[in-house]
Amino acid sequence: ALNTYIECRLRFYLRHVAKIREPDTVEEDLDARVLGNFLHEVMELFYRNIQAAKKSSSIEPSDLDNADATVERLIDEIFIETYKLNPSKPVVYEGQRLVVREIVKRFAHRIIEMDKAYAPFNIEILEQGGLDYTVRMNQYPGSAKLSGKIDRVDRKGDLIRVIDYKTGKDELYFESVSSLFRRDGKRNKAAFQTLLYALLYQVNARNAAYKIVPGLINRMNLFDSEFKFGLKVGKTFVEDVDPLLPEFSTHLKALVEEIHDPQVPFDQTTDVDLCKFCPYQRICYR
């Protein structure tokens, strides 16, 4: 929602204030949303099943043996549920569904392969919401509560990784914290989202002694033989998010106050490239 507001105030208004909903239908087309949803569900179920079987959040390399068959079974289950198929019959993969299955399978297998090399580690969060951050405003009475659903948080020693899965080519690099709030020019909205998740985790974590490292796992780094987890500010990897969060929080507060400011209109973006795939094109005549 915040990314939407930064990109186009009018789209934010139509979606989140006027509540003119986008269609909640299952897309047959091969797009980022379909791939992303399927990958998230596969990875969540894969690790939840391990946790349930072990009654533990610890992940050992041996837990990830023979993962191929498990991933294929989970993909079948998700397709059956998503497309309301007959669970007593084998799933028929053809056309776009075949492409989705193969891409999700490849991504999932590679993530598990890297996790096996990284193990042992503990899963702290899987697709968890309910982590809140309260912004107390100066100009207006009351406060605003921000929340999000974090894909995954894991811990190894004193290192916490806040992980966001992406199936696209989202950049790992951003110029500065302030650039994440910039309306003109290119901004890294995936990095914005992941830093917000790191902030949510930090303010809700019981132990502040851990180093928190936010990062994306996407097609830009997932299949790189020299994979290194994390985000880069300039040419430097973020080894600990803590020094970035005070500035991030300041900009976030200013953004929330602007949303509440009656003097700031919910106007259209001037970047027409952002309008190409907007579901509200016909309403705003772009």
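Residues numbered from 1 in each chain as written. Predicted model: local features only at pLDDT ≥ 70, side-chain atom pairs only at ≥ 80, totals over all residues. Heavy atoms only, no water.

**Concerning the packing of helix α6 (residues 189-204) against helix α7 (residues 245-260)**
1) Next: Between α6 and α7, the least distance of the axes is 11 Å, while the angle of their chain directions is 105°. Put simply, α6 runs roughly perpendicular to α7. Facing F192, L195, L196, L199 and Q202 of α6, the residues of α7 in contact are L245, F248, S249, L252 and L255. (Axes fitted to C-alpha atoms, helices over the stretch in contact; angles between N-to-C directions. Helix = DSSP H or I, 4+ residues; strand = E, 2+ residues; numbered from the N terminus. Parallel < 35°, antiparallel > 145°, perpendicular 65-115°, else oblique. Contact = heavy atoms within 4.5 Å.)

**Remarks on unusual backbone geometry**
1) Next: The omega angle of the peptide bond from A119 to P120 is 10°, so this bond is cis rather than trans.
2) Next: Tracing the chain through its elements places P120 in the loop between α5 (96-118) and β2 (121-136).
3) Next: Of note in this structure, K19 is not a glycine but carries a positive phi near 60°.
4) Next: Position of K19 relative to the elements: it lies in the loop between α2 (9-17) and α3 (32-54).
5) Next: Positive phi, close to 55°, is recorded for N66, a residue that is not glycine.
6) Next: Secondary-structure assignment places N66 in the loop between β1 (58-59) and α4 (67-82).

**Details of the sheet that holds strand β8 (residues 236-237)**
1) Next: Here 3 strands make up an open sheet; going across it, the order is β5-β7-β8 and the pairing mixed. Each edge of the open sheet carries a strand with a single partner, namely β5 (173-174) and β8.
2) Next: Across 2 bridges, strand β7 (residues 232-233) lies against β8 in antiparallel orientation. Opposite V233, over in β8, you have T236 as the bridge partner. (Pairing = 2+ DSSP bridges.)

**Considering the side chain of R161**
1) Next: With respect to the helices and strands, the residue R161 is situated in strand β4 (residues 159-165).
2) Next: Residues within four places of R161 in sequence aside, it is in contact with D115, Y118, R152, V153, D154, V213 and F229.

**Here we look at α4**
1) Next: Over its 16 residues, α4 extends 22 Å from the first C-alpha to the last, a length consistent with the 22 Å expected when each residue adds 1.5 Å.
2) Next: In the stretch just after α4, K84 is the one whose phi turns positive, near 55°. (Expected span 1.5 Å × (residues − 1).)

**Looking at the sheet that holds strand β6 (residues 211-217)**
1) Next: The mixed open sheet is built from 5 strands, whose spatial order is β1-β2-β3-β4-β6. The two strands at the open ends of the sheet, each matched to only one other strand, are β1 and β6.
2) Next: Strand direction decides the pairing type here: β4 and β6, joined by 7 bridges, are parallel. Paired with V162 across the two strands is P214, which belongs to β6.
3) Next: Most of the contacts of α7 go to β2, to which it runs at about 50°, and overall it touches β2 and β3 (143-156).

**Side note on the pattern of salt bridges**
1) Next: Enumeration over the complete set of coordinates arrives at 21 salt bridges.
2) Next: One salt bridge connects E258 with R9, and the closest N-O pair in it is separated by 3.2 Å. Placement of the pair is E258 in helix α7 and R9 in helix α2, with a sequence separation of 249 residues.
3) Next: We classify R9 as buried; its relative accessible area is 15%.
4) Next: Residue R110 is joined to E113 by a salt bridge in which the shortest nitrogen-to-oxygen separation is 2.5 Å. Placement of the pair is R110 and E113 together in helix α5, with a separation of 3 residues, close to one helical turn. (Salt bridge = Lys/Arg side-chain N within 4 Å of Asp/Glu carboxyl O. Buried < 20%, exposed > 50% of the residue type's maximum accessible area, 1.4 Å probe, protein only.)

**Re the nonpolar core**
1) Next: One finds V162, F181, F192, F248 and L252 to be the most contacted residues of the largest nonpolar core, which totals 43 residues.
2) Next: Elements supplying a minimum of two residues to this core: α1 (2-7), β2, β3, β4, α6, β6 and α7.
3) Next: It is α6 that contributes the most residues to this core, 10 residues altogether.
4) Next: In this structure F192 touches L2, N3, I6, L180, F181, R187, F248, L252 and L255, once residues within four positions along its chain are discounted.
5) Next: In terms of nonpolar packing, the next biggest core, distinct from the first, is built from 39 residues, L64, A67, I112 and I123 among them. (Core = buried A, V, L, I, M, F, W, Y, C linked by side-chain atoms within 4.5 Å.)

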